[in-house]
Every structure is written in C-alpha cells, then in structure tokens.
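Results of the structural survey
Take a look at the letters that make up each chain.
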Amino acid sequence: MGIMSKILGGGGTHSSEDYVELDLNDFENARGGAGMQVHIAEIADQSDVIDIKDAVYDGDFVIADITRHSTSDRTVESIIDELRQVASEVDGDIVQKGDDQLILTPTGVTVSREKLNV
C-alpha cells in the first residue's frame, strides 16, 4: 500500500496519534522553507471550517475528515458549499473522497479525477 493510500485510503478511524512527526535534521538532504504544507483536519462542526479556510487562503493543501457527519446532513452540505466557494475564490480545487474526506487545494493545484493504474 502506497503512502497516499495510507493517508487517503481505507478503513478505520485515525487520530493525530496515528501520525509520527519526523525530525528533518535526521535526514541528510532535508530542505527548509517548503512553499506548501499539507494539513490533516477533522470537521466536527461549522466552526472547524475557519481554520481550513485560512490554510487554503495561505496556499496550503487540506485533507479534512467529515466522518462525524452523514453526507446527507445539512451541516455537511453547508460546509461543503462554503469550502467550494473558497476553492473557487483561490482558483484551487475541492473533491470529496468517499463519504468521509474532503480534499482542498490552493491556487493552481488540481486533484485528478482519475486513479493511477498501479
């Protein structure tokens, strides 16, 4: 299973404890000053959208977990509409992966709708 499959893919509930922070000083070719960060977020209610919007406006990539809501839930519909507007404003992209994740990208980054044949 590839790294993106582990991040974006299947089954189970994940928490921040599932991720291990690596010290870049441990790697010889570490480079500082990344132009973009990838944020992992959980959307529990409408107020969580503020930090996600700020990250996208700042040029960062966000993977948001929406498992706490049903996709037919009006709260999720409102959240998705609000984030869709943000993606449009920054000329980014937004996709929903399954019933549990939203992927938002900043200016100039799109998410392919085709799976890689690996």
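Everything below is about the structure printed above this text.
I will try to describe carefully the structure that is included in this document. (Residues numbered from 1 in each chain as written. Predicted model: local features only at pLDDT ≥ 70, side-chain atom pairs only at ≥ 80, totals over all residues. Heavy atoms only, no water.)

What follows is about the nonpolar core. Counting 19 residues, the largest nonpolar core has Ile43, Ile52, Val62, Ala64, Leu83, Leu102 and Leu104 as its most contacted members. Contributing elements (two or more residues each) for this core: helix H2 (49–57), strand S2 (61–65), helix H3 (74–89) and strand S4 (101–105). It is H3 that provides the largest number of residues to this core, a total of 6 residues. Formed by 5 residues, the second largest nonpolar core is a distinct cluster that contains Phe61, Ile63, Val95 and Val111. (Core = buried A, V, L, I, M, F, W, Y, C linked by side-chain atoms within 4.5 Å. Buried < 20%, exposed > 50% of the residue type's maximum accessible area, 1.4 Å probe, protein only. Helix = DSSP H or I, 4+ residues; strand = E, 2+ residues; numbered from the N terminus.)

The subject of this paragraph is the packing of H2 against H3. Where H2 contacts H3, the two axes come as close as 10 Å, and the packing angle between them is 15 degrees. In terms of orientation, H2 and H3 fall into the roughly parallel class. The handedness of the crossing between H2 and H3 is right-handed. Each of Val49, Ile52, Lys53, Val56 and Tyr57 in H2 lies in contact with H3, whose residues at this interface are Ile79, Glu82, Leu83, Val86 and Glu89. Within the contact of H2 with H3, the residues separate by chemical class into 7 nonpolar, no polar and 3 charged. (Axes fitted to C-alpha atoms, helices over the stretch in contact; angles between N-to-C directions. Parallel < 35°, antiparallel > 145°, perpendicular 65-115°, else oblique. Left-handed = near helix turned anticlockwise from the far one by under 90°. Contact = heavy atoms within 4.5 Å. Nonpolar A, V, L, I, M, F, W, Y, C, P; charged D, E, K, R; others polar.)

Summarising burial for S2: 5 of the 5 residues are buried, a large majority. Judged by which residues are buried, S2 turns out to be covered on both faces: Phe61, Ile63 and Asp65 on one side and Val62 and Ala64 on the other are all buried. Summarising the sheet, strand S1 (residues 38–42) and S2 pair through 5 bridges and their orientation is parallel. In the strand pairing of S2, Glu42 is matched with Asp65. Handedness of the crossover joining S1 and S2 through H2 is recorded here as right-handed. Both S2 and S4 contribute to a ladder of 4 bridges, which runs antiparallel. Counted as the bridge partner of Val62 is Leu104 from S4. (Pairing = 2+ DSSP bridges. Right-handed = clockwise from strand over helix to strand, strands pointing away.)

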